[in-house]
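# Observations on chain architecture
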Amino acid sequence: MTEFRWMTAGESHGPGLTVVVEGVPSGLEIDEAYIERQMARRQKGYGSGGRMKIEKDRAELRGGVRHGLTLGAPIAMWIENRDFANWTDAMSPNPVGDGVDKKTHTRIVPGHADFPGALKYLHHDVRNVLERASARETAARVAAASVARRMLEEFGITIHARAVSTGTERSPETDPAAVNWDEVEASEVRAADADSDRRFRAAIDAAKAARTTVGGIMQVVAFGAPVGLGSHVHWDRKLDARLAQAMMSINAVKGVEIGTGFANTTRPGREVQDVIVPDPSDPRRFRQVSNHAGGIEGGMSNGNPIVAHVAIKPIATMTSPLPSVDINTGEVIEAAYNRSDICQVARACPVAEAMMALVLAYAVLEKFGGDSMAEMKRNYAGYIASHDEFGGQGGRRQGG
Ligand code: EPS
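As the structure is a prediction and not an experimental result, all values here were calculated from the model.

## Side note on the nonpolar core
The biggest cluster of nonpolar side chains holds 73 residues, and the ones touching the most others in it are Met-247 and Leu-360. Per-element tally for this core: the top contributor is helix H10 (residues 345–368), with 17 residues. Not counting chain neighbours up to four residues away, the residues in contact with Met-247 comprise Val-220, Val-253, Val-256, Val-310, Ala-352, Met-355 and Met-356. The next biggest cluster of nonpolar side chains, apart from the first, holds 7 residues, and it includes Val-184, Ala-192, Val-221 and Phe-223.

Set out below in structure tokens:
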């Protein structure tokens, strides 16, 4: 099996972010323009702070791609932090003299990585924690995931995410297949309809006026995944478990639900199972009449859309800081205020898509893995054809 691996490095206000993606087969079409389009989606969003006016994210391909095609070698990317120009001393990788402003940070922000990170790594300057804990790192994930997404497209898998709530405002329940994803793309709050768009903006405006922040819930959906990604046989091979970990790793995420996981607990068992009926027109030979499972049963994709809901808490940095303490003196103070966003739900949607794409790319490579796209596609086609023997189709075919 070709193992798909990816890593990122870099601090929020340092020189930039480095990404390495390994295990991508040869012959996949990809270029910087495609990656840039994905990265731009992460940068727009109502409720963003001043930083996004500075950054114009672009990932430079520095290895693994030649003439618009992957080589099968590790893919290296570099994303420059434009803001570094304002931080050259404070974030210098090399030693600086005593006279310079190091932008030292000692006031813990409640809800950030500051407190446990400082004690764990013995940092008396909390900046040494917050710089890497910052959601700036998600720019690198989106760059890595652009490669994953491009590969998944070759297998007919597409991924979308939208905001289904912002604060107490919720969108009406809509089947993901019926969502107008173009409208989501056009909405600065990533709402699927005009009324939700208006209400989500109002929630963000109210948070801003109250000098606080507001969170929400994202819906992340993958269409076109074949049956059989992941496995029931071991805990760490279950696709839903891998997705939950991936989503939970996004900054400020505190909850993940697959399908209608929480609502199912209030319904009788008869109402939440997805009943199966024969369907000769479906490549799986069967079809579920509903999708409460969110496209995953027993840790395996079942061919339905994969649906996750992801809860993101309000950003910890606020213009009216909470009471806190100084990490070195223990003195009671106000938490530090750093420039920050009011609401990151819309901007986190492309990040959640990225994590879905990275998990699915791993699972697709695990199942159909090959060293070239041509080999992988043959493996995929052979597997799908093997389902002909189910549901009476093979028997009928053999019988002529
Ligand atoms: C972030 C704080 C803000 C955000 C940043 C994440 O940055 P700054 O501290 O420079 O104002 O804009 O997000 C990004 C830079 C980004 O690219 O998403 C934080 O504290 O997590």
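## Some details on the pattern of salt bridges
Evaluated as defined, the whole model comprises 30 salt bridges. The closest approach of N and O atoms between Asp-83 and Arg-51, which form a salt bridge, is 3.5 Å. With Asp-83 in the loop between strand S6 (75–80) and helix H3 (114–121) and Arg-51 in helix H2 (residues 51–54), the pair connects residues that are 32 residues apart, well separated along the chain. Assigned by exposure class, Asp-83 and Arg-51 land together as buried. The shortest N-O distance in the salt bridge between Glu-60 and Arg-62 comes to 2.9 Å.

## Brief notes about the packing of aromatic side chains
The full count for this structure, using the stated rule, is 3 aromatic pairs. Here the aromatic cluster, defined as three or more aromatic residues joined through ring pairs, consists of Phe-155, Phe-368, Tyr-380 and Tyr-383. Residue placement shows Lys-103 over the ring face of Trp-87; its charged tip is 5.1 Å from the ring centre.

## Side note on the pairing of strand S9 (residues 216–223)
By the criterion of burial, S9 is predominantly enclosed, with 7 of the 8 residues buried. Pairing of strand S7 (residues 158–166) with S9 involves 8 bridges; the strand directions are antiparallel. Bridged to Ala-163 within S9 is Met-218. Bridging between S9 and strand S15 (residues 306–312) involves 7 bridges; their strand directions are antiparallel.

Analysis parameters
- Residues numbered from 1 in each chain as written.
- Predicted model: local features only at pLDDT ≥ 70, side-chain atom pairs only at ≥ 80, totals over all residues.
- Heavy atoms only, no water.
- Core = buried A, V, L, I, M, F, W, Y, C linked by side-chain atoms within 4.5 Å.
- Buried < 20%, exposed > 50% of the residue type's maximum accessible area, 1.4 Å probe, protein only.
- Helix = DSSP H or I, 4+ residues; strand = E, 2+ residues; numbered from the N terminus.
- Contact = heavy atoms within 4.5 Å.
- Salt bridge = Lys/Arg side-chain N within 4 Å of Asp/Glu carboxyl O.
- Phe/Tyr/Trp six-rings, centres within 6.5 Å; stacked < 30°, edge-to-face > 60°.
- Lys NZ or Arg CZ within 6 Å of the ring centre and 35° of its normal.
- Pairing = 2+ DSSP bridges.

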